[in-house]
Amino acid sequence: MAETQPTTVLFADISGSTKLYELRGDVAARTIVSAVLSALTDVAQRHGGRVIKTIGDAVMCVFPNALQGLMAATDMQKRIAHDPGFVKDNLAIRVGLHHGEALHEGNDVYGDAVNTAARMESLAKREQIVTTATTAGTVVSTCCAWMMSTGDDASRDVRRSASIAQRRSFLK
C-alpha cells in the first residue's frame, strides 16, 4: 500500500557522458558510467540513503532527511572529482535535491517532491548542487537545533550567523 512521508529526493546526473560514448564507444563508456553510478550508490548508502533507480546516466536516491541528502550530494561531488579515472575522462556530476512529502509505493517514490528534485537537477550545472529554499531552510533548522542543544554561547553565535547567511542568500 502506498504511503506519504517526508523524504529527501536526490537526482545525480553524469556530465560528460555523451562525449564519453562518442570517444570511447558504447561498451567502454557503459563500463565507466556503471562505475560512476556504483560510486554514487555507495555514497548514498553511507549517508543512509537508498537508490530508487538509475535512469541512463543518472541516479535517483531517497534519504530520511535533508541533511543526509545534502551531505550525500557533497560527498558524491567529492568522490567523482577526486577519482583520477573519472577526471581523466572529463566526467563530473550535477545534483538536484528537494525535501518534501513523497508517495512511497513498493520500491518507488512518486509525487511533487520527486518532480521538484528533478527540476533542481535540470537547473544544476556541472559540479553543482541545486536545491530549493525550503530544503535549505530545513537543513539550516536541523543544524541550528543541534547547535542550540549544545548550550554554549559560541554555538548560539554560530546559529545566529548561519541564520542570517541563509536569509541573505535567498534575498535575490
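Residues numbered from 1 in each chain as written. Predicted model: local features only at pLDDT ≥ 70, side-chain atom pairs only at ≥ 80, totals over all residues. Heavy atoms only, no water.

A few words on helix α5 (residues 112-123). Across its 12 residues, α5 extends 17 Å between first and last C-alpha, which sits within 8% of the 16 Å expected from 1.5 Å per residue. Listed in full, the buried residues belonging to α5 are A113, V114, T116, A117, M120 and E121. Seen from one end, α5 has its buried residues packed into an arc of 165°, which puts them on one side. Across α5 from its buried face, at more than 90 degrees, point the exposed residues D112 and S122. (Helix = DSSP H or I, 4+ residues; strand = E, 2+ residues; numbered from the N terminus. Expected span 1.5 Å × (residues − 1). Buried < 20%, exposed > 50% of the residue type's maximum accessible area, 1.4 Å probe, protein only. Arc of directions from axis to C-beta.)

Its identity is not glycine, yet N90 carries a phi of approximately 60°, on the positive side. As for its placement among the helices and strands, N90 is situated in the loop between α4 (84-88) and β4 (92-105). The phi torsion at E127 lies on the positive side, around 65°, for a residue other than glycine. Mapped onto the elements of the fold, E127 is located in the loop between α5 and β6 (129-131).

A few words now on the nonpolar core. Residues L10, L40 and M76 are the most contacted members of the largest nonpolar core, which totals 25 residues. Those elements giving two or more residues to this core turn out to be β1 (3-15), α2 (26-46), β3 (58-63), α3 (66-81) and β4. Considering each element in turn, this core owes the most residues, nine residues, to α2. The contacts of L40, once residues within four sequence positions are left out, are A12, V59, M76, I80 and I93. In terms of nonpolar packing, the next biggest core, distinct from the first, is built from 10 residues, V9, V62, A102 and V109 among them. (Core = buried A, V, L, I, M, F, W, Y, C linked by side-chain atoms within 4.5 Å. Contact = heavy atoms within 4.5 Å.)

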